[in-house]
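Architecture at a glance
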Amino acid sequence: MDPGDYTLDLLITGPHGRWHFKRNFSILTEQANQINKKLGLKRSFTLPWWAWLLIGLALAGLIWLIIFLWKRRRRDDDEEPTTRRGRHQHQR
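Worth saying up front: this structure is predicted, and the values here are computed from it rather than measured. (Residues numbered from 1 in each chain as written. Predicted model: local features only at pLDDT ≥ 70, side-chain atom pairs only at ≥ 80, totals over all residues. Heavy atoms only, no water.)

**Some details on the overall build of the chain**
For the chain, the helix and strand inventory stands at two helices and two strands. Overall, the chain shows an N-to-C arrangement of helices and strands of β-β-α-α. In the chain, which comprises 92 residues, the share counted as buried stands at 4%. Long-range pairs, those at least 24 residues apart, make up 30% of the contacts in the chain between residues at least 6 apart in sequence. Surface summary for the chain: the accessible area is close to 9100 Å², and the carbon and sulfur share equals 60%. (Helix = DSSP H or I, 4+ residues; strand = E, 2+ residues; numbered from the N terminus. Buried < 20%, exposed > 50% of the residue type's maximum accessible area, 1.4 Å probe, protein only. Contact = heavy atoms within 4.5 Å. Areas by Shrake-Rupley, 256 points an atom, 1.4 Å probe, with all protein chains shown as cover.)

Here you go:
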């Protein structure tokens, strides 16, 4: 069970009548932990929104870095033969 706000909407029908109950309630983290422990349930792990944002920014930065380095290497490879010829001319 996860902590949060819940609404109980209960309809009971029997031979002596019909009853309808509706009640809002909250379960706090400590209460949810106690209930889950008693029932042997494990809470599902979810990351908060800001963690997903940080992961997204880190991945975007990594992709940008890879593209930047790849383009720089291609540019350096294209310029390298000219640079080598220029160095040999100066050494003579």
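**Section: the packing of aromatic side chains**
The full count for this structure, using the stated rule, is two aromatic pairs. Ring plane angle 20° and centroid distance 5.8 Å describe the contact between Y6 and F25, whose orientation is recorded as stacked. Here Y6, found in strand β1 (residues 4-14), pairs with F25, found in strand β2 (residues 17-27); they are 19 residues apart in sequence, far enough to count as distant. Classification of F25 as partly exposed rests on a relative accessible area of 33%. Summarising the aromatic geometry, the rings of W64 and F68 are spaced 5.2 Å apart at their centres and angled 10° between planes, so their arrangement reads as stacked. Of this pair, W64 and F68 are both found in helix α2 (residues 49-91), four residues apart, which corresponds to roughly one turn of the helix. (Phe/Tyr/Trp six-rings, centres within 6.5 Å; stacked < 30°, edge-to-face > 60°.)

**Quick look at the pairing of β2**
A regular strand places its side chains so that they alternate between the two faces of the sheet. In the sheet, β1 pairs with β2 via eleven bridges, with the strands oriented antiparallel. For L10, the partnering residue across the bridge sits in β2 and is F21. (Pairing = 2+ DSSP bridges.)

**Some remarks on the pattern of salt bridges**
Going through the model one piece at a time under the given rule, you end up with one salt bridge. Across the salt bridge formed by R75 and D76, the nearest N and O atoms sit 3.7 Å from each other. Judged by its relative accessible area of 34%, D76 is partly exposed. (Salt bridge = Lys/Arg side-chain N within 4 Å of Asp/Glu carboxyl O.)

**Concerning the side chain of N36**
Residue placement: N36 occurs in helix α1 (residues 29-39). We classify N36 as buried; its relative accessible area is 4%. At 2.6 Å, the side chain of N36 and the backbone nitrogen of M1 are in polar contact. (Polar contact = N/O pair within 3.5 Å; in protein donor to acceptor, adjacent residues only side chain to side chain.)

**So, the environment of F21**
Counting through the fold element by element, F21 comes out in strand β2. Along the backbone, F21 and L8 are 13 residues apart, and their C-alpha atoms lie at a distance of 7.5 Å. If sequence neighbours within four positions are ignored, F21 has contacts with L8, D9, L10 and I12.

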